[in-house]
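# A closer look at the structure
Chain residues, written in single-letter form:
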Amino acid sequence: MLPEIEPFNKWTPYDGCLSLFLNSCIIWLMTPILDHKSLEFISQSPEQTRRLGAKLGHLLRGGEVICLEGDLGAGKTVLAQGIGRGWGTVSALISPTFVLIREHRRPSGSQRLLHVDFYRLSAAEAWELGLEDWMEDPQAVVIVEWPERARDILPPENLWVRLEIAEESRRRLLFTAHGPKYLNQLHEFRRAAFGV
Ligand SMILES: Nc1ncnc2c1ncn2[C@@H]1O[C@H](COP(=O)(O)OP(=O)(O)O)[C@@H](O)[C@H]1O
Ligand SMILES: [Mg+2]
């Protein structure tokens, strides 16, 4: 007489614990946390960068300064487009390089999103345009491309994003929070984007 064979796929509580443990390991390995105030992400496509930006834009309440640092073609404008999408702009964000500052609004409400490019704008010109006031305005979200060219007029508290070209369609994004408000927002962003 043949011995009774246990069905291979029979579930036991042990399997449940094991899969929970393996899932935790996978999440831990994927969690892009460098330290408590930084978050790293490798984007595989422009659309993935936009989607990530949209998760961040959705969390913005006004009064934030988001700095996007990276070489030409790194994806600063693509990320800004996503942030604008998540924040709810009526008009699509395009590169502000030639107009220096573009203002966007939502279908309703008085908040504004300002998309600034310091590639050609000098800190003195920005000061004349009143950018410092906008960066203190709780009704405005300010996204700055080439922020390293205008460090003097940027507030010390901000969310700094460094974008690096890894390969043709891969970009490394490093988000760093400067200040307690941005630290809270970075943690919220991590939960919204990665569930951890
Ligand atoms: N993973 C990616 N994320 C963002 N952009 C990407 C990615 N892969 C390729 N690209 C391309 O890189 C370019 C980035 O352009 P842009 O956002 O204008 O750069 P920047 O504003 O930094 O000069 C776009 O042509 C975009 O399609
Ligand atoms: Mg750009």
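All figures in this text were calculated on a predicted structure; none of them were measured in a lab.

When you go through the protein residue by residue, the secondary structure sums to six helices and eight strands. Seen in sequence order, the protein has helices and strands lined up from the N terminus as α-β-β-α-β-α-β-β-α-α-β-β-β-α. Counting the 196 residues in the protein, one finds 32% classified as buried.

As a further point, take the site of ligand 1. With respect to spatial proximity, 19 residues lie near ligand 1, and among them T49, G75, K76, T77 and V78 are the closest. Put simply, the parts of the chain that give the shell around ligand 1 at least two residues each are helix 2 (46–59), helix 3 (76–87) and strand 8 (170–178). In the shell around ligand 1, the residues fall into four nonpolar, eleven polar and four charged.

For the rest of this paragraph, the subject is the packing of helix 2 against helix 6 (residues 180–194). Here helix 2 crosses helix 6 at 130°, and the two axes come no closer than 9 Å. The pairing of helix 2 with helix 6 is recorded here as oblique in orientation. For helix 2 against helix 6, the interelement crossing comes out right-handed. Facing L52, K55, L56 and L59 of helix 2, the residues of helix 6 in contact are Q185, E188, F189, A192 and A193. The residue makeup of the contact of helix 2 with helix 6, split by class, is six nonpolar, one polar and two charged.

Moving on, we come to unusual backbone geometry. Notably, W146 is not glycine yet its phi reads approximately 60°, a positive angle. Along the polypeptide, W146 turns up in the loop between strand 6 (140–145) and strand 7 (158–167).

The next subject is the confidence of the model for the protein. A low pLDDT score tells you not to read the predicted coordinates there in detail. When pLDDT is averaged along the protein, the result is 86, and 81% of the positions lie at 70 or above. When mean pLDDT is compared element by element in the protein, strand 3 (residues 65–69) scores highest at 98, while helix 1 (residues 13–30) scores lowest at 59.

Within soluble globular proteins, side chains that are nonpolar generally end up buried alongside one another. Formed by 39 residues in total, the largest nonpolar core has its most connected members in C67, L68, I143, L159 and V161. Sort the elements by how many residues they give to this core and helix 3 lands first, with five residues. C67 has contacts with V144, P147, L154, N158, L159, W160 and V161, leaving out every residue within four places of it along the chain.

Across the five residues that make up strand 3, a large majority, four, are buried. Sheet analysis places strand 3 next to strand 7, joined by four bridges and oriented parallel. Bridging from a neighbouring strand, E69 pairs with R162 of strand 7.

Attention now moves to helix 2. An α-helix turns once every 3.6 residues. As a result, residues three or four positions apart point the same way. Given a rise of 1.5 Å per residue, 14 residues ought to cover 20 Å, and the 21 Å separating the end C-alpha atoms of helix 2 matches this to within 8%. All of the buried residues along helix 2 are T49, R50, L52, G53, A54, L56 and G57. Close packing links the buried residues of helix 2 with strand 2 (38–43), helix 3, strand 8 and helix 6.

Look at helix 6: 21 Å from first C-alpha to last across 15 residues, which is about the 21 Å you get at 1.5 Å a residue. Three or more residues of helix 6 are buried, namely Y182, Q185, L186 and F189. Projected onto a plane normal to the axis of helix 6, the buried residues spread over an arc of 105° and lie on a single side. Opposite the buried face of helix 6, at more than 90 degrees from it, the exposed residues are P180, N184 and R191. Those residues of helix 6 that are buried are in contact with strand 2, helix 2, strand 7 and strand 8. Taken from the residues just after helix 6, G195 is the one with a positive phi, measuring 70°.

Calculation rules
- Residues numbered from 1 in each chain as written.
- Chains lettered and ligands numbered in written order.
- Predicted model: local features only at pLDDT ≥ 70, side-chain atom pairs only at ≥ 80, totals over all residues.
- Helix = DSSP H or I, 4+ residues; strand = E, 2+ residues; numbered from the N terminus.
- Buried ≥ 20, exposed ≤ 12 C-beta atoms within 10 Å, placed from the backbone.
- Near = placed C-beta within 6 Å.
- Nonpolar A, V, L, I, M, F, W, Y, C, P; charged D, E, K, R; others polar.
- Axes fitted to C-alpha atoms, helices over the stretch in contact; angles between N-to-C directions.
- Parallel < 35°, antiparallel > 145°, perpendicular 65-115°, else oblique.
- Left-handed = near helix turned anticlockwise from the far one by under 90°.
- Contact = placed C-beta atoms within 7 Å.
- pLDDT = per-residue confidence, 0-100.
- Core = buried A, V, L, I, M, F, W, Y, C linked by C-beta atoms within 7 Å.
- Pairing = 2+ DSSP bridges.
- Expected span 1.5 Å × (residues − 1).
- Arc of directions from axis to C-beta.

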